[in-house]
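Listed below, chain by chain, are the residues.
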Amino acid sequence: MMLSDEPYRWAEAVANRRDYIEDQIRTGSPVVGVGYEDGILLLTLSQSQQKVFEVYDRLLLAGIGHSTDIENLRQAAIDMAHSIGFNYSEDDVTLRQIVYFGLGPAMKAGFDDVVRSPFLARVLLAELDGQEGAQIFYTVDYDGAFYRHEGCVAVGGVVEADVMMVRELSGLDAEALSLSDAAGAALRAWAIGRWIGKMDEVPTDAEELEQVAGEVDVVDVLVTALKDMEVEAVVLERSQLGKNKYRNVDAEEIAPALAQFKAD
Amino acid sequence: MQSGGDFVDLLRQSGYRFPGENLGDVQSERDLPFEPTDATTILAFQYADGVLVAGDRRATAGNMVLYDRADKVIDLDAYSVMAISGSPSIAFEIARILEHAFQYYRRRLLQEMSLQAKLRRLSLLIKDNLPLAMQGIGAVIPIFATYDQADARGKIYFYDALGAQFESADFTTTGSGSPAIRGAMYYLNRWGGRRFVEMDRDAAIGHALQLLDTASEYDSATGRYERSADIFPSVKTITASGLAEIETEALRELYVQYVDGEEAGRA
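Residues numbered from 1 in each chain as written. Chains lettered and ligands numbered in written order. Predicted model: local features only at pLDDT ≥ 70, side-chain atom pairs only at ≥ 80, totals over all residues. Heavy atoms only, no water.

A. Representation of the pairing of strand S3 (residues 52–56) of chain A within the structure. All names here are of chain A. For S3, the buried fraction is high: 5 of the 5 residues fall into the buried class. Relative to strand S4 (residues 59–65), S3 runs antiparallel, the two sharing 4 bridges. Across the sheet, residue Val-52 finds its bridge partner in S4, namely Ala-62. (Buried < 20%, exposed > 50% of the residue type's maximum accessible area, 1.4 Å probe, protein only. Helix = DSSP H or I, 4+ residues; strand = E, 2+ residues; numbered from the N terminus. Pairing = 2+ DSSP bridges.)

Here it is, written out as structure tokens:
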């Protein structure tokens, strides 16, 4: 093929593709995942469309990026989970399988195929009480690279935002937090991710980045955002009866966490 | 454009075939007349809070008792159950497909499957099973019970072996023990002093236990309370707050009261 005949142009094409995708994704609303005493909370803010989805009894998926690309990935994950769940058993449906053999390769193939549009999406998945642990998360990047996290996770428009959001969450005791406290922590992390994603120039130097993250006026970012966005909070909750642990969280349940960010 | 919410379609893509589809030309050894195997007793009725569904726990093969812990009232989702009489293998397969189909539809299409669609899915699976049913080895005759949030009441549907579905107004019973109690249910409901729909939870469970005991008195394929192993019939209720399985301790108390004891003498 022509592109691979010329290594320089191939590298340039890949770099262009990365720039294009990152540019499309960067201002999206981050998604934050954090463990709490009764399970896992995924939280984001959005204008109205649903961003956090049920995949299987103990699995959730959320994404940042182009909504139809996220939709295609969501459907692929659901198909895979239900095929395995029926043909083997519910216990055989694991996040690892879905990421390693489903979403990872699919997104990698989309990224590599230069004549087609890539997945303009970064995806976050959560698994409660699976074979790998109690509160497990995976993130899959637009190029198919995936990472495993325990206890907390965050996906924003740029990788630097992910790092700073996770830093904000990392001191928490994910097995002891109340739902409302977990929501409060997730909101603060969201604000940091949102701020960094919207910067014209994101600092590449680690120290500088930490300084920027530390100086974000969290209350101001959230008060502004909550004027035209709504909080979407979904849990996988151990104490739910039955196999299915998915539940939408009512605004009232996290009202104490939200109160400090509401404009009068 | 395809919406993609059909779980059976997904299964077919992965090569799955419903048992009845592949076994169309299998013949049983003898040329048996069509006679559904339905050795059990299942009953369901409306009571004050919703619907009660109960079944005995015995599984038989001819005159042999195979198993005393069979659960014939199978949960499909948080508001519906399927109670089975007939071939357990096919019945469990149907229940498993439906359980996944309801969840798959909700997750994939981001909306709950309507009650009418759920009834239709079950009906189609029974129709798919026709070849096995006609050979007398795989018929399934279920009762589907659910709580209809929109109507704010419990609903009971029963099926014939070809998949036709009927809504039962007050009560229904199927299985080999059902002839022994169908008349008793009618009598109780009409002249028993209280209709089923007026009974509270305890009275409803107590009467279900009495009826299953009656069925087991006359039908050898219906099990009764198994004293040596302490096994009660399965009893489930479906109300506005969802599906609940009645725990052994609660059943024991009501069994003593209604079947053995003080309430036993009066309806």
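From this point, things continue past the structure.
B. View of the interface of chain A and chain B. Facing the 20 residues of chain A at the interface are 16 residues of chain B. A combined buried area of about 1600 Å² lies between chain A and chain B, and 47% of that area is made up of carbon and sulfur atoms. Among the residues of chain A in contact with chain B, Asp79(A), His82(A) and Phe86(A) are the three that bury the most area, contributing 41% of the side total. Summed over the shared surface of chain A and chain B, the result is 6 salt bridges. Close ionic contact of Asp57(A) with Arg107(B) constitutes a salt bridge, the shortest N to O distance being 2.9 Å. Taken together, the links from chain A to chain B amount to 16 residue pairs in polar contact (both at pLDDT 80 or more). At the level of secondary structure, the elements contributing two or more residues to the side of chain A that touches chain B comprise S3 and helix H3 (67–87) of chain A. Examining the composition of the side of chain A that touches chain B, we find that 9 residues originate from one element, H3(A), more than from any other. Grouping the amino acids of the side of chain A that touches chain B by side-chain chemistry returns 6 nonpolar, 8 polar and 6 charged. (Contact = heavy atoms within 4.5 Å. Buried area = accessible area lost by both parts, 1.4 Å probe. Salt bridge = Lys/Arg side-chain N within 4 Å of Asp/Glu carboxyl O. Polar contact = N/O pair within 3.5 Å; in protein donor to acceptor, adjacent residues only side chain to side chain. Nonpolar A, V, L, I, M, F, W, Y, C, P; charged D, E, K, R; others polar.)

C. Summary view of the sheet that holds strand S9 (residues 165–168) of chain B. All names here are of chain B. Reading across from one edge, S5-S6-S7-S8-S9 is the order of the 5 strands in this open sheet, with antiparallel pairing throughout. The sheet terminates laterally at strand S5 (73–77) and S9, the two strands that pair on one side only. Strand-to-strand twist of the sheet, defined as the mean angle between neighbouring strand axes without regard to direction, takes the value 25°. In this structure, strand S8 (residues 153–159) lies alongside S9, joined through 4 bridges in antiparallel fashion. Counted as the bridge partner of Phe-158 is Phe-166 from S9. (Axes fitted to C-alpha atoms, helices over the stretch in contact; angles between N-to-C directions.)

D. Spatial organisation of the layout of surface pockets. The volume enclosed by the largest pocket comes to roughly 1300 Å³. Lining the largest pocket are 44 residues, and of these Leu241(A), Asn244(A), Asp77(B), Ala78(B) and Tyr79(B) sit closest to its centre. The set of elements that each furnish at least two residues to the lining of the largest pocket consists of S3 and strand S10 (246–248) of chain A together with S5, helix H3 (88–109), helix H4 (115–128), strand S7 (140–148), strand S11 (234–239) and strand S12 (242–245) of chain B. Examining the composition of the lining of the largest pocket, we find that 7 residues originate from one element, H3(B), more than from any other. Class assignment of the residues belonging to the lining of the largest pocket gives a composition of 16 nonpolar, 13 polar and 15 charged. (1 Å grid on protein atoms, 1.4 Å probe; cavity = no way out; pocket = protein on both sides within 12 Å on 5 of 7 lines; lining within 4 Å. Points joined across faces, edges and corners; volume = space filled by probe spheres on them.)

E. Region of interest: the packing of helix H6 (residues 178–191) of chain B against helix H7 (residues 201–218) of chain B. All names here are of chain B. Axis separation between H6 and H7 bottoms out at 9 Å; the angle between their running directions is 145°. Between H6 and H7 lies a crossing of right-handed hand. Along the contact surface, H6 presents Ala-180, Ile-181, Ala-184, Met-185 and Leu-188, while H7 presents His-207, Leu-211, Thr-214, Ala-215 and Tyr-218. In terms of residue class, the contact of H6 with H7 is made up of 8 nonpolar, 2 polar and no charged. (Left-handed = near helix turned anticlockwise from the far one by under 90°.)

F. Representation of the pairing of strand S4 (residues 64–67) of chain B within the structure. All names here are of chain B. Relative to S4, strand S3 (residues 59–61) runs antiparallel, the two being bridged by 3 bridges. Each residue of the ladder has a partner; that of Ala-59, found in S4, is Tyr-67. In sequence, S3 turns back onto S4 through a hairpin of 2 residues, with Gly-62 there showing a positive phi of about 60°.

G. Spotlight on the packing of aromatic side chains. Per the counting criterion, the structure on display carries 15 aromatic pairs over all chains. Among the aromatic residues, those joined into a cluster by ring pairs are Phe86(A), Phe7(B), Tyr16(B) and Tyr104(B). Seen from the ring of Phe53(A), Arg74(A) lies directly overhead, with NZ or CZ sitting 5.0 Å from the centre. Directly above the aromatic system of Phe102(B) lies the positively charged group of Lys118(B), at a separation of 5.1 Å from the ring centroid. (Phe/Tyr/Trp six-rings, centres within 6.5 Å; stacked < 30°, edge-to-face > 60°. Lys NZ or Arg CZ within 6 Å of the ring centre and 35° of its normal.)

H. Spatial organisation of the environment of Ala154(A). All names here are of chain A. Tracing the sequence through the fold places Ala-154 in strand S8 (residues 152–155). The class for Ala-154 is buried, based on a relative accessible area of 3%. Beyond its immediate sequence surroundings of up to four residues, Ala-154 is in contact with Val-31, Val-32, Leu-124, Asp-162, Met-165 and Val-166.

I. Highlighting the nonpolar core. Ranked by size, the top nonpolar core spans 56 residues in total, and within it Leu61(A), Ile94(B), Ile97(B) and Phe144(B) carry the most contacts. Excluding anything up to four places from it in sequence, Leu61(A) contacts Lys51(A), Val52(A), Phe53(A), Val55(A), Ile70(A), Arg74(A), Ala77(A), Leu103(A), Val123(A), Leu124(A) and Leu125(A). Grouped together as the second largest cluster of nonpolar side chains are 44 residues, Val158(A), Leu179(A), Ile192(A) and Val216(A) included. (Core = buried A, V, L, I, M, F, W, Y, C linked by side-chain atoms within 4.5 Å.)

J. Local environment of empty space enclosed by the protein. Residues and elements named next belong to chain B. Inspection of the entire model under this criterion finds 3 cavities of 30 Å³ or more. By volume, the largest cavity amounts to about 60 Å³. Top element by residues in the lining of the largest cavity is H3. It accounts for 4 residues. Here the lining of the largest cavity is built from residues that sort into 1 nonpolar, 3 polar and 5 charged.

K. Main features of the pattern of salt bridges. This model, assessed by the stated rule, comprises 39 salt bridges over all chains. The residue Asp151(B) makes a salt bridge to Lys155(B) at a minimum N-O spacing of 2.8 Å. The class of Asp151(B) is partly exposed, set by a relative accessible area of 42%. What makes Lys155(B) buried here is its relative accessible area of 7%. Ionic pairing is found between Asp260(B) and Arg227(B), a salt bridge with its closest N-O pair at 3.7 Å. Of this pair, Asp260(B) sits in helix H8 (residues 248–260) while Arg227(B) sits in the loop between H7 and S11, and the two are 33 residues apart along the sequence. Since its relative accessible area comes to 45%, Asp260(B) is described here as partly exposed. In this structure Arg227(B) comes out as exposed when scored by relative accessible area, which is 56%. Members of the salt-bridge network, linked through shared partners, are Glu54(A), Asp57(A), Arg106(B), Arg107(B) and Glu112(B).

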